[in-house]
Amino acid sequence: MDFWRSFQSGVWQEEINLRDFIQKNYTFYPGDASFLCGTTARTDRVRAEVDRLLVLENEKGGVLDVETDKVSSLLTFEPGYVLKDDEIIVGLQTDKPLKRAVNPFAGYRNAVQACKAYGYEIGENIKNEFRYRTTHNTGVFRVYTDTMKKARHAGVLTGLPDAYARGRIIGDYRRIALYGMDYLIAKRREDKKRIGEREMTSETIHLVEDIERQLEFMGQLVEMASSYGFDISRPAMNAREAVQWLYFGYLGAVKEQNGAANSIGRISEFLDIYIERDLREGTIDETAAQEMIDDLVLKMRLVRHLRTPEYNELFAGDPVWVTLSLAGIGEDGRPLVTKTCYRFLQTLYNLGPSAEPNITVLWSQKLPEAFKRFCAKVSIDTDSIQYENDDVMREEFGDDYSIACCVSAMKTGKQMQFFGARCNLAKVLLMALNGGKDELHGEQIAPEGEIFAEEVLNYDKVLNAFKSYAAWMAKLYVNTMNVIHYMHDRYAYERLMMSLHDVEPERLMAFGISGFSVLADSLSAIKFARVTPIKDERGLIVDFKTEGEFPKYGNDDDRVDEIAAWIAKFFYEELCKTPCYRGAKHTLSILTITSNVVYGAKTGSTPDGRKKGEPFAPGANPMHGRDAEGALSSLNSVAKISYDCCMDGISNTFSITPDALGSDDENRISNLVHVLDGYFIQSAHHLNVNVLNRQKLIDAMENPALYPSLTIRVSGYAVNFNKLSKDKQLEVISRTFHEKM
């Protein structure tokens, strides 16, 4: 077919197989960044209009406009444009840029609250439509047990996706460009016929209904694209169509679902194949190639969802987590570095630093040195990219996986994830010491047990109590997630995104730990120092007297680092004892986003010396200021946590001053490459990199107008520093900024 002219043939022509297509057709680029182009006048005009709208959005308190009379979906809105005559890649969630839509399927009450928070009122049409409709949120709270509700309220289980769309599902949007929607629809109809011939068990019925819902939205996606004047029923003919077709798939997904972390996946190698063909045919030049990527990234930066203030409290900075995965190594040993990997990184210069898309470099020791150095330069200049260890993830997920949200790997189009928020393990320790009671409110949440006496704590006795309560907590956590995702499938199913997966994907259930380093240091204090609990008038332990020194996580000290590694392994194994909904595979992360501030606010004083209400460290980071032995020691501690029990990710946010990294730009680039290689060769999983001085953040907090685009990495993603609330800005400023290697 002319759509596939000059492509190398393969299995991909007989079945939906994007990996085979990419492996047979991509062009490895071992060179440097010298070929890259800056912006064109056209790009500058579009960017200027986007920047103008972003200023207006900030002036209006973070929300520019809301459409309150229509429920968001693929065909709800007329086509929208930024500057129609200047756009190469088109399509907006609504009919105007930055205008937010109402999506009440996850929770009607939440949608009402979100509108009111920004001065809007839900329209009568939506009120009438949802008067008798059950939403995901309603279904969840019908089934929640009293214990689940208590644990949620107390903040032992926190950040649960029970009141908003779950996210972390990555449609394989590349399929639309390569095959066209007619072919994909025909294949899905074949799937329905084949599966419908099985015995009609509850799972078969569930799956057949899912397929029918998918087919409905696949047809609507074709209509949506047609409204913009494009026929995506056929494959893409050239690079511009490949980018546009792929983006239409992503656009349909974010019109339909407002879930956290609607990532775009691993698309650079795929798009590069089309760009290289057009370059060979002489229909575009490098300037045009960069223009397409710039325009696509501008569209990603415009994605918006309507959120409640409570949601924004958990996930600060209004993030969308349009995570974009770059590079890595193929299973045959060839680097998956293309010129389009460079082009996506170049957007951080052409368009300025930004939190979106959440650019993630899949790092390997085998990546070309020139690419490593360019990545390091971009990190130093923009603080806008993160790194994950491809050498570790490739063993589990192959060479065609994508990153969802912040740090979570999935085989693209072949795996999906049930996202599961966090369990506050620091608070579980306090519950164990207080016989199952919440230390703040005194409510009995877990089974009643012994309240420890006001005497020096015995490590073995504390550890046994913690194990018992953590095991109870793990079972409650899995069962809570099962309720959430049963109801989400029933009332807020991601029809379009799941249509761009294999019909029976493997399911992952993502659990998470918060308070990780607080728990590690607390157990270390009990083991190596003298910790005496202090009770209040209720007889509950509310504080601790800690005497003597104890090893602190983050200083490459095996005495405490082994405790930290044990925590992750033990809790993961306990989670695995309770089956997951739809046979999902248990995975675990140590990732808090910026919610470490909220989680800390719900937790009393802990044996490590942290006081009631103080923030936790983010993710797997050591507590602020405790990693006193330098940057490398801090990294070495985190690297000891095994990815085998944390396949949902181990988030580490690393901040170092420019002078500590090197005396000049070339030294800093070389040293950062060495740091990344040295960290990841230990099988460490993830690293955010910030290269800046603390004073810069203090100045930005006091004079935000002087730093309109200051972007920093926080915990698996980046934010515009000015969009953080004051308490979260202060927490970021209080983190360790390494001043020595």
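Residues numbered from 1 in each chain as written. Predicted model: local features only at pLDDT ≥ 70, side-chain atom pairs only at ≥ 80, totals over all residues. Heavy atoms only, no water.

Asker: Residue-level account of the overall build of the chain, with values.
Answerer: Secondary structure assignment for the chain yields 27 helices and 19 strands. The C-alpha atoms of the chain give a radius of gyration of 25 Å, which matches the 27 Å a tight globule of 741 residues would have. Taking the principal axes of the C-alpha coordinates as reference, the chain spans close to 80 × 65 × 50 Å. The buried share of the chain, taken over its 741 residues, is 66%. Within the chain, residue pairs in contact and separated by at least 24 positions form 79% of the contacts whose partners lie at least 6 positions apart. Here the chain displays about 24900 Å² of accessible surface, and carbon together with sulfur accounts for 48% of that area. Between the mean site of the 89 positive side-chain charges and the mean site of the 106 negative ones, the chain shows a separation of 3 Å. (Helix = DSSP H or I, 4+ residues; strand = E, 2+ residues; numbered from the N terminus. Rg over C-alpha atoms; globule rule 2.2 N^0.38 Å. Buried < 20%, exposed > 50% of the residue type's maximum accessible area, 1.4 Å probe, protein only. Contact = heavy atoms within 4.5 Å. Areas by Shrake-Rupley, 256 points an atom, 1.4 Å probe, with all protein chains shown as cover. Lys, Arg positive; Asp, Glu negative; His and termini not counted. Charge placed at Lys NZ, Arg CZ, Asp CG, Glu CD.)

Asker: Lay out the packing of aromatic side chains with the relevant residues and their values.
Answerer: A ring pair, where both rings are aromatic, is described by two values, the distance of the centres and the angle of the planes. Within the structure shown, the criterion is met by 33 aromatic pairs. Here Tyr342 and Phe371 contribute two aromatic rings whose centre-to-centre distance is 5.3 Å and whose plane-to-plane angle is 75°, an arrangement assigned as edge-to-face. Of this pair, Tyr342 sits in helix α14 (residues 339–350) while Phe371 is found in helix α15 (residues 369–382), placing the two residues 29 residues apart along the sequence. Phe371 shares its class with Tyr342; the two are buried. (Phe/Tyr/Trp six-rings, centres within 6.5 Å; stacked < 30°, edge-to-face > 60°.)

Asker: Tell me about the pattern of salt bridges, residues and numbers included.
Answerer: In this structure the tally under the stated criterion is 67 salt bridges. The residue Arg52 makes a salt bridge to Glu49 at a minimum N-O spacing of 2.8 Å. Of this pair, Arg52 and Glu49 both sit in helix α2 (residues 41–59), separated by three residues, roughly a single helical turn. When its relative accessible area of 18% is taken as the criterion, Glu49 is described as buried. For Lys377, the salt bridge goes to Asp381, with nearest N and O atoms at 3.0 Å. (Salt bridge = Lys/Arg side-chain N within 4 Å of Asp/Glu carboxyl O.)

Asker: So what about the nonpolar core? Which residues, and what values?
Answerer: Counting 198 residues, the largest nonpolar core has Phe270, Phe344, Phe371, Phe571 and Ile641 as the members making the most contacts within it. Per-element tally for this core: the top contributor is helix α18 (residues 459–491), with 17 residues. For Ile641, the residues in contact, after removing those within four places along its chain, are Phe516, Tyr553, Ala568, Ile590, Ala620, Cys646 and Ile650. Within the second largest apolar cluster, 25 residues are counted, among which are Ala261, Ile712, Val719 and Val732. (Core = buried A, V, L, I, M, F, W, Y, C linked by side-chain atoms within 4.5 Å.)

Asker: Give me the side chain of Asn262: which residues, what numbers.
Answerer: Structurally, the position occupied by Asn262 is in the loop between α10 (239–256) and α11 (268–281). Looking at Asn262, its side chain comes within polar contact range of the main-chain oxygen of Gly259, at 3.4 Å. If near-sequence neighbours (up to four positions away) are discounted, Asn262 is found in contact with Gly167, Tyr250, Val254, Gln257, His305, Val320, Trp321, Val322 and Met497. (Polar contact = N/O pair within 3.5 Å; in protein donor to acceptor, adjacent residues only side chain to side chain.)

Asker: So what about the packing of α18 against helix α20 (residues 516–528)? Which residues, and what values?
Answerer: The description of two packed helices rests on the angle between their axes and on the distance between the axes. At their nearest, the axes of α18 and α20 sit 9 Å apart, and the two run at 150° to each other. Here α18 lies roughly antiparallel to α20, going by the angle between them. When you trace α18 past α20, the crossing you get is right-handed. Contacts between α18 and α20 pair Tyr459, Val462, Leu463 and Phe466 from the former with Leu519, Leu523, Ile526 and Lys527 from the latter. Taken together, the residues that form the contact of α18 with α20 break down as seven nonpolar, no polar and one charged. (Axes fitted to C-alpha atoms, helices over the stretch in contact; angles between N-to-C directions. Parallel < 35°, antiparallel > 145°, perpendicular 65-115°, else oblique. Left-handed = near helix turned anticlockwise from the far one by under 90°. Nonpolar A, V, L, I, M, F, W, Y, C, P; charged D, E, K, R; others polar.)

Asker: How would you summarise the pairing of strand β9 (residues 415–419) if you had to cite specific residues and measurements?
Answerer: Extensive coverage of β9 is indicated by the burial of five of its five residues. Burial of the side chains of β9 extends over both faces: Gln415, Gln417 and Phe419 are buried on one face and Met416 and Phe418 on the other. For β9 and strand β11 (residues 506–514), the ladder comprises five bridges, and the chain directions are parallel. Paired with Gln415 across the strands is Glu506, a residue of β11. (Pairing = 2+ DSSP bridges.)

Asker: Run through α15, naming residues and quoting values.
Answerer: In this model α15 runs 20 Å from its N-terminal to its C-terminal C-alpha over 14 residues, within 8% of the 20 Å that 1.5 Å per residue would give. Within α15, the full set of buried residues consists of Phe371, Lys372, Phe374, Cys375, Ala376, Val378, Ser379, Ile380 and Thr382. Once α15 ends, the next one or two residues include Asp383, with phi positive near 55°. (Expected span 1.5 Å × (residues − 1).)

Asker: If you had to explain α20 to someone new, which residues and values would you point to?
Answerer: Taking 1.5 Å as the rise per residue, α20 with 13 residues should run 18 Å; its terminal C-alpha atoms sit 18 Å apart, in good agreement. Burial runs high along α20: 11 of the 13 residues are buried. Of all the residues in α20, the buried ones are Phe516, Ser517, Val518, Leu519, Ala520, Asp521, Ser522, Leu523, Ser524, Ala525 and Ile526.

Asker: Give me empty space enclosed by the protein: which residues, what numbers.
Answerer: By the definition in use, this model includes seven cavities of 30 Å³ or more. Counted as a void, the largest cavity has a volume near 120 Å³. Asn621, Asp627, Thr653, Arg735 and Thr736 are, among the 15 residues lining the largest cavity, the residues nearest its centre. Those elements that provide at least two residues to the lining of the largest cavity are α23 (631–639) and β16 (653–656). Ranked by the residues each element gives to the lining of the largest cavity, the list is headed by β16, at three residues. Split by residue class, the lining of the largest cavity holds five nonpolar, eight polar and two charged. (1 Å grid on protein atoms, 1.4 Å probe; cavity = no way out; pocket = protein on both sides within 12 Å on 5 of 7 lines; lining within 4 Å. Points joined across faces, edges and corners; volume = space filled by probe spheres on them.)

Asker: Go over the side chain of Glu67 with me, naming the residues and quoting the values.
Answerer: With respect to the helices and strands, Glu67 occurs in strand β1 (residues 65–71). Look at Glu67 and you get buried, because its relative accessible area is 12%. For Glu67, the side chain forms a polar contact with the main-chain nitrogen of Asp69, separated by 2.9 Å. Sequence-distant contacts of Glu67, that is, excluding residues within four places in its chain, are made with Phe77, Lys99, Arg100, Ala101 and Val102.

Asker: I'd like a rundown of the layout of surface pockets, residues and numbers included.
Answerer: One way to see where empty space is left: roll a probe the size of a water molecule over the atoms. Here the largest pocket is characterised by a volume of approximately 1200 Å³. Taken together, 46 residues line the largest pocket, and the ones lying closest to its centre are Glu57, Asn58, Pro708, Asn720 and Lys723. Among the secondary structure elements, those contributing two or more residues to the lining of the largest pocket are α2, α12 (286–301), α13 (309–314), α26 (694–702), β19 (718–720) and α27 (726–734). Looking at the lining of the largest pocket, the element that brings in the most residues is α2, giving seven residues.

Asker: Any details on the environment of Ser34? Residues and values, ideally.
Answerer: Within the secondary structure layout, Ser34 lies in the loop between α1 (18–25) and α2. For Ser34, a relative accessible area of 63% corresponds to the exposed category.

Asker: Break down unusual backbone geometry for me, with residues and values.
Answerer: Here the amide bond leading from Glu356 into Pro357 is cis, since omega sits at -10°, within 30 degrees of zero. Structurally, Pro357 can be placed in the loop between α14 and β5 (358–363). In this model, Arg168 sits at a positive phi of 60°, which is unusual for a non-glycine residue. Counting through the fold element by element, Arg168 comes out in the loop between β3 (157–158) and α7 (174–179). With a phi angle near 70°, Ser683 is a residue other than glycine that sits in the positive phi range. As for its placement among the helices and strands, Ser683 is situated in the loop between α25 (665–680) and β17 (686–691).

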